[in-house]
Amino acid sequence: MARWLKISLKILASFFILIVLVWLGAAYYINHNNKAILGTILNQLNANVNGKISVENMETTLLKGFPGVSVSLKKVQLRDSLWVKHKHDLLNADDIDVSLNIFSLIGGSIKINKIGINNASIYIYTDTSGYSNTSMFKSKKDAKPTDTKSSNAFEIKRVDFNNVNLIVDNQKRFKLFQFLVDDLKGKIDYPDSGWNGNLKLNTTIKSFAFNTRKGSFLKDKTLTGTLIAHYNNKSKIVTIDQEKLNIGEDEFFIGAKIDLAKNDSAFSIDIRADKILYKNIALLLSPNISSKLLKFAIDEPIAVTGHIIDDGSKTGKDPLINVRMIVKDNTVTIPSGQLTKCNFTGTFTNKDTLNKAIGDENSAIKFYALTGDYYNAPLKVDTFLISNLNRPVAAGFVTSQFPLEKLNSSLGGETFSFKKGTADVRLYCKADIDNFRFTKPVLTGNVVIKDADITYLPRNMKLVNSSLVLNFNQKDLNITGSRFQLGKSILNMNCSIENFLNFYYTAPEKILVNLNLSSPQIYLSEFMPFLGARKSVKRKPSTKNSIKEVSDQLSAVLEAAKVQIQLNVNKAIYNRFVANNLNASISMLGDGIYFNKINVSHAGGNLNLTGNVKQSGAINKFTINSIISKVNVKDFFYAFENFGQTSITNQNIKGYLSAKVNAVGSITDKGNIVSRSMYGQVIFNLNNAALIGFEPLVKVQKLAFANRDFSNIAIDKLDGTFTLSGDKIIISPMQFNTSVLNFNMKGVYGLGLGTDIAMDIPLRNPKKDENITDKAAKAQARMKGIVLHLKAVDDGSGGIKVRWNKDHD
């Protein structure tokens, strides 16, 4: 072995032995003087604090601190001068390991290389007045300034926390931060500017409440990773570099800045997650926020950045929070439906207006460049804003263009069915948000529907080649330039609805629709579905299928709204009935259809009608009040299918009829009058008329007037009154002055059984009296001669027989 190497090894060995001897000597010194050393430490510490630091005993631990000397402090307590009032120890530790610099002991001072705190509680307390137990570290007024040597004595190079409960409780500002530190290991350097620390931690966050009245952020979440921190003596600012930290299973990049120059330690936190599930973000926040955010869902991970800034003021307000979120090609579920293929940039702030205070009233959620498919309908929103989260208001400009068939998977099935057509939506929307649902909406803009085939399923109404333009003017709705085709009927429509949006959700029965319809020709039978009973409006419980709720609500509105119709039609056709120049005012209310006024030209005359149909199901009650002016009675009877009876039909009557009809009856939901259901009165006048093949009079001819033509009886004028009573027609006394016979008639005509008609028939031929000009003389001559008193009754087999009336007047 070379001589120089031997000498080097001897020197190293000697140096090592010297260090061991010094270390053993220091350990021996501490072990035999621990009370004095502990007393020196405590006296030095207590001389500079406003409170008391106590240690039960100190033990030497040789191996832990080599080459330094380690001591273990047992039952350590730090209490400020007001501990007796609040009862919170600033520090209460079962065991604190302290590694001392061996050379500082030789020099007569104490320097700490490493401190380990085990099974301890650190409670930083601030009461409602602003007093904090950390004030125990403020210099006493009569204390002498310490020199540089003394101030450096307690610089800690390394820290090691195990099972430490750290609590920061600020009752004045309603803040509570609590960390269960399972493990924290760190190294601290002390350059001239301050200190730099590298801390590796594993902790559970029990509370991270900026406002204890609203709950904690990050509650019961684990926080693991490395913190790199810096402190500047001049600015008194602690800076934590933005490095990777894990909160639970998610990876974040978190940085912070703490300003210790201010009494309440102003701070700011920057946080970023490049790929995280929306649900996991919501669960990190306080319950008052997360409970609202969990009403929404985003399927795939998103990117989020956030900034939390507390300015250290003593007002007890919330910190400033700014969040930014980027969503790309994702599925977003909201209370009113679902957006697929969704993209947007979202922001949140609780200080939307700079000169207003932080809080829910000044909070805003904004969505920029939002695109997506809303139940297959593509939407585009440049900017959508939700402001004032205390009483939220949403606003934004929505555009969309799509084929109507895409709505079948959402609106189709129970209310509407779409086969073709397009929709173009351009709406500025503003609405209150109540329990995350839009209420009191205000809309401005229009919806244009073209070339649409739409079936309204509750009434099986099929509209083809239809178009309409819906113009929203805040709370009112106007429909213009609209065309509907229902079967062969074509309708042009203009419509106005005042306060439509006010009542849409809350009271659809209060909606009044003013509808103007015109048509060159309509077929009334195609509108018969309206005769069926309207569905009752029920408030349905909330379901997860929100788009179905929208469909149900629209259906309920259509059924419950009051509709005032002004109808002008060139030609209206219903089965045999053909009307020209139809002009009508009709109301559709909750319990039925009301015909306020209907004027129509028919059968060469005019009809004026009022009445109603009370809707109750397959059979509906109707009331009719009509004035008929000079209609061709043959065409009139034909058009109304002989009014449900078979005796006097359009085949055996002609002339011109004027009448006043007041009647009630029943009509099916298909538009057919229920046989023998009519009750009321018909007062009529018949001019230039004839009875052709009227069975009761034909039987009279066979009985006594074989030489007269009863098959075609001319009647110049006939006045009469019929009372309708179900299956019977009561004939008030009538005088027939005809071409073949004059007679009086009264009684009951049964549509089934029950016919009992009395007839007084003079045998005198009316032609003999044609030259009598005096009316009184002519009336007296009318009943001269032989008078037959006959009665027409049922023959028992469905026909009528005539017999002598023995009980005539």
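Residues numbered from 1 in each chain as written. Predicted model: local features only at pLDDT ≥ 70, side-chain atom pairs only at ≥ 80, totals over all residues. Heavy atoms only, no water.

## Here we look at the overall build of the protein
Then, in step 1: Along the backbone of the protein there are twelve helices and 38 strands.
Then, in step 2: A burial count over the protein gives 43% of its 809 residues as buried.
Then, in step 3: Partitioning the contacts of the protein with sequence separation of at least 6, the portion at a separation of at least 24 is 52%.
Then, in step 4: Approximately 42,400 Å² of the protein is accessible, and the part contributed by carbon and sulfur atoms is 55%. (Helix = DSSP H or I, 4+ residues; strand = E, 2+ residues; numbered from the N terminus. Buried < 20%, exposed > 50% of the residue type's maximum accessible area, 1.4 Å probe, protein only. Contact = heavy atoms within 4.5 Å. Areas by Shrake-Rupley, 256 points an atom, 1.4 Å probe, with all protein chains shown as cover.)

## Overview of the pairing of strand 9 (residues 237-247)
Then, in step 1: Where strand 8 (residues 221-232) meets strand 9, seven bridges bridge the pair, whose relative direction is antiparallel. The residue bridging Leu223 from the neighbouring strand is Ile247, located in strand 9.
Then, in step 2: From the end of strand 8 to the start of strand 9, which pair antiparallel, there are four residues, and Lys236 there has a positive phi angle of about 55 degrees.
Then, in step 3: Examined bridge by bridge, strand 9 and strand 10 (residues 250-259) share nine bridges and lie antiparallel to one another. In the strand pairing of strand 10, Val238 is matched with Ile258.
Then, in step 4: Between strand 9 and the antiparallel strand that follows it, strand 10, lie two residues; Gly248 among them carries a positive phi value of about 65 degrees. (Pairing = 2+ DSSP bridges.)

## Points about unusual backbone geometry
Then, in step 1: In this structure, Lys75 takes a positive phi of about 55 degrees despite not being glycine.
Then, in step 2: Inspection of the secondary structure assignment puts Lys75 in strand 2 (residues 69-80).
Then, in step 3: Within the chain, Lys630 stands out as a residue other than glycine whose phi angle is a positive 55 degrees.
Then, in step 4: If you trace the backbone, Lys630 turns up in strand 30 (residues 619-632).

## Considering the pairing of strand 35 (residues 742-750)
Then, in step 1: The sheet contact formed by strand 34 (residues 728-737) and strand 35 spans eight bridges and is antiparallel. Its bridge partner lying in strand 35, Met734 is registered against Met745.
Then, in step 2: Linking two consecutive strands that pair antiparallel, namely strand 34 and strand 35, is a turn of four residues.
Then, in step 3: Strand direction decides the pairing type here: strand 35 and strand 36 (residues 756-762), joined by five bridges, are antiparallel. Note on strand 36: the bridge partner recorded for Met745 is Met759.
Then, in step 4: Hairpin remark: strand 35 followed by strand 36, antiparallel, with five residues in the connecting loop; positive phi at Gly754, about 105 degrees.

## A short note on the nonpolar core
Then, in step 1: Counting 102 residues, the largest nonpolar core has Phe472, Phe500 and Leu567 as its most contacted members.
Then, in step 2: Not counting residues within four places of it along the chain, the set of residues in contact with Phe500 comprises Phe472, Lys475, Leu477, Ile511 and Val557. (Core = buried A, V, L, I, M, F, W, Y, C linked by side-chain atoms within 4.5 Å.)

## Quick look at the packing of aromatic side chains
Then, in step 1: Applying the stated criterion across every chain, the model contains 14 aromatic pairs.
Then, in step 2: A centroid spacing of 5.9 Å and a plane angle of 25 degrees characterise the contact between Phe210 and Phe267, whose relative ring orientation is stacked. One end of the pair, Phe210, is in the loop between strand 7 (194-209) and strand 8; the other, Phe267, is in strand 11 (residues 266-276), and 57 residues separate them in sequence.
Then, in step 3: Aromatic side chains Phe684 and Phe722 sit 4.9 Å apart centroid to centroid with 50 degrees between the ring planes, which places their arrangement in the tilted category. (Phe/Tyr/Trp six-rings, centres within 6.5 Å; stacked < 30°, edge-to-face > 60°.)

## Examining the environment of Asp635
Then, in step 1: Following the sequence through the fold, Asp635 ends up in helix 10 (residues 633-639).
Then, in step 2: With a relative accessible area of 37%, Asp635 lands in the partly exposed category.
Then, in step 3: Distance in space between the C-alpha atoms of Asp635 and Gly604 is 8.9 Å, their sequence separation being 31 residues.
Then, in step 4: Once residues lying within four places of it in the same chain are set aside, the contact partners of Asp635 are His602 and Ala603.

## Focus on the pattern of salt bridges
Then, in step 1: Taken as a whole, this structure holds 14 salt bridges when the rule is applied.
Then, in step 2: The closest approach of N and O atoms between Arg79 and Asp89, which form a salt bridge, is 2.8 Å. Of this pair, Arg79 sits in strand 2 while Asp89 is found in the loop between helix 3 (83-86) and strand 3 (91-100), placing the two residues ten residues apart along the sequence.
Then, in step 3: Judged by its relative accessible area of 24%, Arg79 is partly exposed.
Then, in step 4: The shortest N-O distance in the salt bridge between Asp160 and Lys185 comes to 3.1 Å. Here Asp160, found in strand 5 (residues 158-170), pairs with Lys185, found in strand 6 (residues 175-189); they are 25 residues apart in sequence, far enough to count as distant.
Then, in step 5: A residue is classified by how much of its surface remains accessible, and Lys185, at 41% relative accessible area, is partly exposed.
Then, in step 6: Via salt bridges that share partners, Asp160, Asp183 and Lys185 belong to a single interconnected network. (Salt bridge = Lys/Arg side-chain N within 4 Å of Asp/Glu carboxyl O.)

## Here we look at the environment of Asp270
Then, in step 1: Here Asp270 lies in strand 11.
Then, in step 2: Each C-alpha atom of the pair Asp270 and Val323 lies 9.9 Å from the other, and the pair is 53 residues apart in sequence.
Then, in step 3: When sequence neighbours within four positions are dropped, the list of residues in contact with Asp270 reads Gln242, Phe253, Ile254, Gly255, Gly306 and His307.
Then, in step 4: A polar contact is formed between the side chain of Asp270 and the side chain of His307, at a distance of 2.7 Å. (Polar contact = N/O pair within 3.5 Å; in protein donor to acceptor, adjacent residues only side chain to side chain.)

## Some remarks on the confidence of the model for the protein
Then, in step 1: On average, residues of the protein score 82 in pLDDT, and 84% of them are at 70 or above.
Then, in step 2: Note on residues 536-546: pLDDT under 50 across the span, and 18 contacts to partners over four residues away in sequence or across chains. (pLDDT = per-residue confidence, 0-100.)

## What to know about the environment of Ile276
Then, in step 1: With respect to the secondary-structure elements, Ile276 resides in strand 11.
Then, in step 2: Overall, Ile276 belongs to the buried group, its relative accessible area being 1%.
Then, in step 3: Residues Ile276 and Pro301, 25 residues apart in the sequence, show an inter-C-alpha distance of 4.6 Å.

## Quick notes on the layout of surface pockets
Then, in step 1: Approximately 540 Å³ is the volume attributed to the second largest pocket.
Then, in step 2: Taken together, 17 residues form the lining of the second largest pocket, with Asp716, Asn737, Thr738, Asn742 and Lys778 sitting closest to its centre.
Then, in step 3: Mapped onto the lining of the second largest pocket, the elements with two or more residues apiece are strand 33 (712-725), strand 34 and helix 12 (775-782).
Then, in step 4: Classifying every residue of the lining of the second largest pocket gives four nonpolar, five polar and eight charged. (1 Å grid on protein atoms, 1.4 Å probe; cavity = no way out; pocket = protein on both sides within 12 Å on 5 of 7 lines; lining within 4 Å. Points joined across faces, edges and corners; volume = space filled by probe spheres on them. Nonpolar A, V, L, I, M, F, W, Y, C, P; charged D, E, K, R; others polar.)

## Examining the side chain of Ser466
Then, in step 1: Its location among the elements puts Ser466 in strand 21 (residues 461-474).
Then, in step 2: Side-chain polar atoms of Ser466 contact the backbone nitrogen of Gln485, separated by 3.3 Å.
Then, in step 3: Each residue touching Ser466, except ones within four places of it in the same chain, is listed here: Ile449, Lys450, Asp451, Ala452, Arg483, Phe484 and Gln485.

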